[in-house]
Amino acid sequence: MTAADVHRAILAAWRIEQPWLITSLARMLRDVSLAEELTQDALLAALENWPATGVPEKPGAWLMTTAKRRALDHLRRDRMLERKHEMVAREMETEQQTMPDLDSALDDDIGDELLRLIFTACHPLLPREARAALALRMICGLTTEEIARAFLVPATTIAQRIVRAKRTLSESGLTYETPSGEQLSERLSSVLEVVYLVFNEGYTAARGNDWLRPQLCDEALRMGRVLTAIAPHEPEAHGLLALMELNASRTGARTDAAGEPILLLDQDRALWDQFQIRQGMRALQRAHELGGAGGFYALQAAIVACHAEATRPADTDWSRIAGLYAELMMIANSPIIELNRAVAIGMAEGAEAALAIVDGLVQKSDLKGYHLLPSVRGDLLYRLGRFGEARAAFEAAAALAGNKREHDLLARRAAEAARAAMSSQFSPPV
Amino acid sequence: MRFMYIVTSAHPGPPTPELLEAMHKLAQREIKAGRMLDNGGLMPLAMGAQVRIKGGQLSVVDGPFVETKEVIGGYAIFELRDKEEALASAKEFMQLHKDLMPGWEGTCELRMFAGP
C-alpha cells in the first residue's frame, strides 16, 4: 500500500463513521459547530496514528472514543459547564462498561439526532450558499477543499462561509432541537431547498467546463435518502428524492463522447439507469401514499416520471405533462413553469395552441432576458411554417444565450430557418 | 458507485440472535446514513431450486444439492463514494460476525454494478 492508499483507506473508514461521530458529539456538547470541528479532529488523529499502527480492527470505536475524549476535555476546560460534564462523564462510564463500540454508534435514536443536526445546518437564518456548505460538511462529511472544488470557488471562500455561518448559529442562541408544529414545514422546506440547490448545482453545472458535476448530485441524493429514512412521514422529502433519482437516472445519456449535451428527446433511452428509475418511482409512490401528490417536488417528479416511463419519445404522455405543469402553476406561479407548460401543449395539441401561450408570455415582460422564451417561440413558428419569424426569434434567443454551446445551437437553428424561408418563397406551400 | 455485497458461507444454520440483532441495527443505521438501498437474507438453497442450461439442455434441479459447499446467505445494495468506502463498510459488517458468532467462516464479496 502506498501512502496515498493508506490515506484513502483512513478517509473512507472515517467517512463511514462520520455521521455518528458528529451526532454523538452534538448530543454531548449541544453545539454543532464544535461537534463538527472535533469530528474533523478525530480524522486528523487517525491520519497521524494509523499509518504507523495500521487501521484498527474497529476503526469506528477508535474514532468515537478519540472524539468523545476530546469533547470531554473541552467540557472540562469549560467550568461553566461543570454540571453537563458530570452528566456526560457518567454517561460515558456506563457506555464503557457495556459495549462501547455498539452502544453509542448503533444507538436507536440516531435518526432523531441526525435530523436535529440537519435542521440546524440548514437553518433559514443562514444564507443559502452557507446552508449548502454546512450541510455538505456536516451531513456528507466533505472537507472544505472538496466542497470548494465541487462548487468551483476558492477554498478560502468556502472556509469563510462556514466560519460565518457557525458564528451566526452560535450568536443566535438557537436551541438545538427538532422544530415541531407549524415551524416544522417551514424548516423542512429550508432543508429541501438546500438539498435541491446542491443537486441542481451538479446537474445543470451552470459554471465550469463540465456539463455535469456528478459528485454534487450524488451527495444531494445521499442527503435525500437520509431525509426519507429519518423523516419517513414527510411526503415532500420523498417527492424531492423521487425528482432527484429520476433526473439522475439519465446521467449516462445526457452527454456524448465529446461531452456535448444531448437533449432529452434525442437521448438513447437504453442508457437510462433503470435501477435508479425504480428507486425514483418508489419514492414518488410513497409521496403519493402520504397524500403529497400535489407537492412542489412531487409534481415535478411526476413530470419527470412521464419521461422515465416512456420507452420511446413518441410514447410520452404530453397531455398529462401539460396537466401537471398546470397544477404546478397553481402552487408556484412562475413564467418559466408556464413556458414549460406551453412546450408540453405544443407536443400534445400542436404548435398553434402553444404559440398562443408563448405570445401571452412575451406580452408580460417577466422573461425578457430569458433566451429559452424566444427559442421555444422560434421552434413553434418553424413548425407552423412561419420561417421568417422563426429566424428572427432564434436570432434573438442566440443573442441572449449565456453559454457558448447554446448560442451556437440557436445560431444554427436561425440559419436553418433562414434557408427554409428562402426555399418556401420559390415553392408553393403544401 | 453502486455495490452489491454478497455474503457466502459454508456455515449451516441461522445467525445467532445477537448477530441478527446487531446486523439489523447496522442495516437501520446504514439506511439512515443514506448508504444502504436494499438488503435481504436468503433461505437455504434446499428451499429453492436451480434452473440450468448444460450442453444445450435446460433442466430444473430441485435438490438435493449435495455438491454445493458455499451458499449465498444474504445480500445488500449500497451506494457509496468509492471502493475504499465499500471496503470499510464491508469490514464493519464482517467484524460483527467475528465478534458475535465465533467460529463462523464466510466471505463478503463486493461487486460494483455495471453501468446501464
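Let me sum up the structure you'll find in this document. (Residues numbered from 1 in each chain as written. Chains lettered and ligands numbered in written order. Predicted model: local features only at pLDDT ≥ 70, side-chain atom pairs only at ≥ 80, totals over all residues. Heavy atoms only, no water.)

1. A few points about the pairing of strand 3 (residues 50–54) of chain B
Residue and element names in this part refer to chain B. Where burial is concerned, little of strand 3 is hidden: 0 out of the 5 residues are buried. Judged from the 5 bridges that link them, strand 3 and strand 4 (residues 57–61) form a sheet pairing that is antiparallel. Its bridge partner lying in strand 4, Ile 53 is registered against Leu 58. The turn linking strand 3 back onto strand 4 is made up of 2 residues, and Gly 55 within it adopts a positive phi angle of 55 degrees. (Buried < 20%, exposed > 50% of the residue type's maximum accessible area, 1.4 Å probe, protein only. Helix = DSSP H or I, 4+ residues; strand = E, 2+ residues; numbered from the N terminus. Pairing = 2+ DSSP bridges.)

2. Brief notes about the interface of chain A and chain B
Counting residues at the interface gives 33 residues for chain A and 26 residues for chain B. Linking chain A with chain B are 6 salt bridges. A salt bridge links Lys 58 of chain A to Asp 99 of chain B, with the nearest nitrogen and oxygen atoms 3.2 Å apart. There are 9 residue pairs in polar contact (both at pLDDT 80 or more) connecting chain A and chain B. Considering each element in turn, the side of chain A that touches chain B owes the most residues, 9 residues, to helix 1 (residues 3–29) of chain A. Of the residues assigned to the side of chain A that touches chain B, the class counts are 20 nonpolar, 3 polar and 10 charged. (Contact = heavy atoms within 4.5 Å. Salt bridge = Lys/Arg side-chain N within 4 Å of Asp/Glu carboxyl O. Polar contact = N/O pair within 3.5 Å; in protein donor to acceptor, adjacent residues only side chain to side chain. Nonpolar A, V, L, I, M, F, W, Y, C, P; charged D, E, K, R; others polar.)

3. A few points about helix 9 (residues 155–171) of chain A
Residue and element names in this part refer to chain A. With 17 residues, helix 9 ought to run about 24 Å at 1.5 Å a step, and its terminal C-alpha atoms sit 24 Å apart, in line with that. Buried within helix 9 we find Ile 158, Ile 162, Ala 165, Lys 166 and Leu 169. Projected down its long axis, helix 9 shows its buried positions confined to an angular sector of 100 degrees, all on one face. Exposed and facing more than 90 degrees away from the buried side of helix 9 are Thr 156 and Glu 171. (Expected span 1.5 Å × (residues − 1). Arc of directions from axis to C-beta.)

4. Side note on the side chain of Ser 249 of chain A
Residues and elements named next belong to chain A. Tracing the chain through its elements places Ser 249 in the loop between helix 12 (235–248) and helix 13 (274–289). Of note is the side chain of Ser 249, whose polar atom sits 2.7 Å from the backbone oxygen of Leu 246. Setting aside chain neighbours within four positions, we find Ser 249 in contact with Leu 271, Trp 272, Asp 273, Gln 276 and Ile 277.

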